Amino acid sequence: GVQIEEVVFTYDKTGPASELTAPDNLGYYSGVPTISGTSYDVIGVSVTYVGIGEYDTGMWWQGSTFSATSEDWQEYNGGTKTAWRYSGYNLQSNMRYIVKSKAKDTAGNFGAESVVRVYTYDTNRSTASVVYPQNNTAYRAINIVEGGHLDEPWNSTSSVKVTIYNERLNRYWRGSSWEDWDNV
């Protein structure tokens with residue numbers, strides 16, 4: 001007789017979806033952030049790639065330095081094909097970076113690039129100063145504390161906290177009373 005062979009296959013011409021979950025868009029980081037995201041495809045994700053660029057120079061990470069003049073895609077290096085991470089890259093302080101991802105499915109189709117995220121790597125510490133009351137000066141009463149702060153070049157400081165200490169009482173001002181440090 002005649003032998004009939006059954007062949008099952010999937011015809012797929014749609015690429016997978018990929019999206020970033022970190023770093024935060026327009027975020028400020030003092031440490032190198034791990035890039036992470038997810039990728040999905042009905043028949044399966046083969047690999048996810050990450051593109052990291054210097055926002056202001058247009059240079060792209062090529063695996064060891066930002067020396068590529070056009071987008072250079074790096075394969076994820078942590079997690080799984082669908083819940084991936086990328087780490088181990090070097091950044092320069094006071095620079096803005098762009099990151100995006102894309103994935104390839106098991107049929108060889110590339111999906112669209114993810115939405116771009118931009119973040120700032122800033123290792124410079126901000127400074128704050130008090131101009132009133134003046135240091136080592138006695139006051140009968142103080143109704144206001146004045147000063148300023150400097151955070152260059154990004155001005156990313158969102159708040160300045162002031163702590164008032166009474167040396168005679170060995171206590172800190174809590175807003176309505178003097179307290180031990182543990183209670184502040």
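Residues numbered from 1 in each chain as written. Predicted model: local features only at pLDDT ≥ 70, side-chain atom pairs only at ≥ 80, totals over all residues. Heavy atoms only, no water.

Section: the layout of surface pockets
- Roughly 770 Å³ of internal volume is contained in the largest pocket.
- Lining the largest pocket are 22 residues, and of these Pro133, Ile142, Ile164, Tyr165 and Asn166 lie nearest its centre.
- Residues of the lining of the largest pocket, tallied by class, amount to 12 nonpolar, 7 polar and 3 charged.
- Looking at the second largest pocket, the residues that line it are Ala128, Ser129, Val130, Val145, Glu146, Gly147, Gly148, His149, Val160, Lys161 and Val162.
- Among the secondary structure elements, those contributing two or more residues to the lining of the second largest pocket are strand E12 (127–132) and strand E13 (146–150). (1 Å grid on protein atoms, 1.4 Å probe; cavity = no way out; pocket = protein on both sides within 12 Å on 5 of 7 lines; lining within 4 Å. Points joined across faces, edges and corners; volume = space filled by probe spheres on them. Nonpolar A, V, L, I, M, F, W, Y, C, P; charged D, E, K, R; others polar. Helix = DSSP H or I, 4+ residues; strand = E, 2+ residues; numbered from the N terminus.)

Considering the pattern of salt bridges
- Tallied over the entire structure, the rule returns 4 salt bridges.
- Residue Glu71 pairs with Lys100 through a salt bridge whose shortest N-O separation is 2.2 Å. Separated by 29 residues along the polypeptide, Glu71 in the loop between strand E6 (66–68) and strand E7 (73–75) and Lys100 in strand E10 (residues 95–105) bring together distant segments of the chain.
- Judged by its relative accessible area of 35%, Glu71 falls in the partly exposed class.
- The partner of Lys100 in a salt bridge is Glu113, and the shortest N-O contact between them spans 3.0 Å. Of this pair, Lys100 sits in strand E10 while Glu113 sits in the loop between E10 and strand E11 (117–121), and the two are 13 residues apart along the sequence.
- Lys100 gets classed as buried once you look at its relative accessible area, which sits at 7%.
- You can call Glu113 partly exposed: its relative accessible area is 40%.
- One network of salt bridges, in which partners are shared, links Glu71, Lys100 and Glu113. (Salt bridge = Lys/Arg side-chain N within 4 Å of Asp/Glu carboxyl O. Buried < 20%, exposed > 50% of the residue type's maximum accessible area, 1.4 Å probe, protein only.)

A few points about the sheet that holds strand E16 (residues 178–179)
- If you trace the 3 strands from one edge of the open sheet to the other, you get E14-E15-E16, paired in antiparallel fashion. Every other strand in the sheet has two partners, leaving strand E14 (165–166) and E16 as the edge strands with one partner each.
- Sheet analysis places E14 next to strand E15 (residues 171–173), joined by 2 bridges and oriented antiparallel. Residue Tyr165 lies in a different strand from E15, and its bridge partner there is Tyr172. (Pairing = 2+ DSSP bridges.)

Describing the nonpolar core
- In terms of nonpolar packing, the biggest core is built from 19 residues, with Ile35, Ile52 and Tyr89 touching the most fellow members.
- Elements that contribute at least two residues to this core include exactly strand E4 (45–54), strand E9 (83–86), E10 and E11.
- With 4 residues, E4 is the single largest residue contributor to this core.
- Filtering out sequence-adjacent residues up to four positions away, Ile35 remains in contact with Leu20, Ala22, Pro23, Val50, Ile52, Trp84, Arg85, Tyr86, Tyr89 and Val99. (Core = buried A, V, L, I, M, F, W, Y, C linked by side-chain atoms within 4.5 Å. Contact = heavy atoms within 4.5 Å.)

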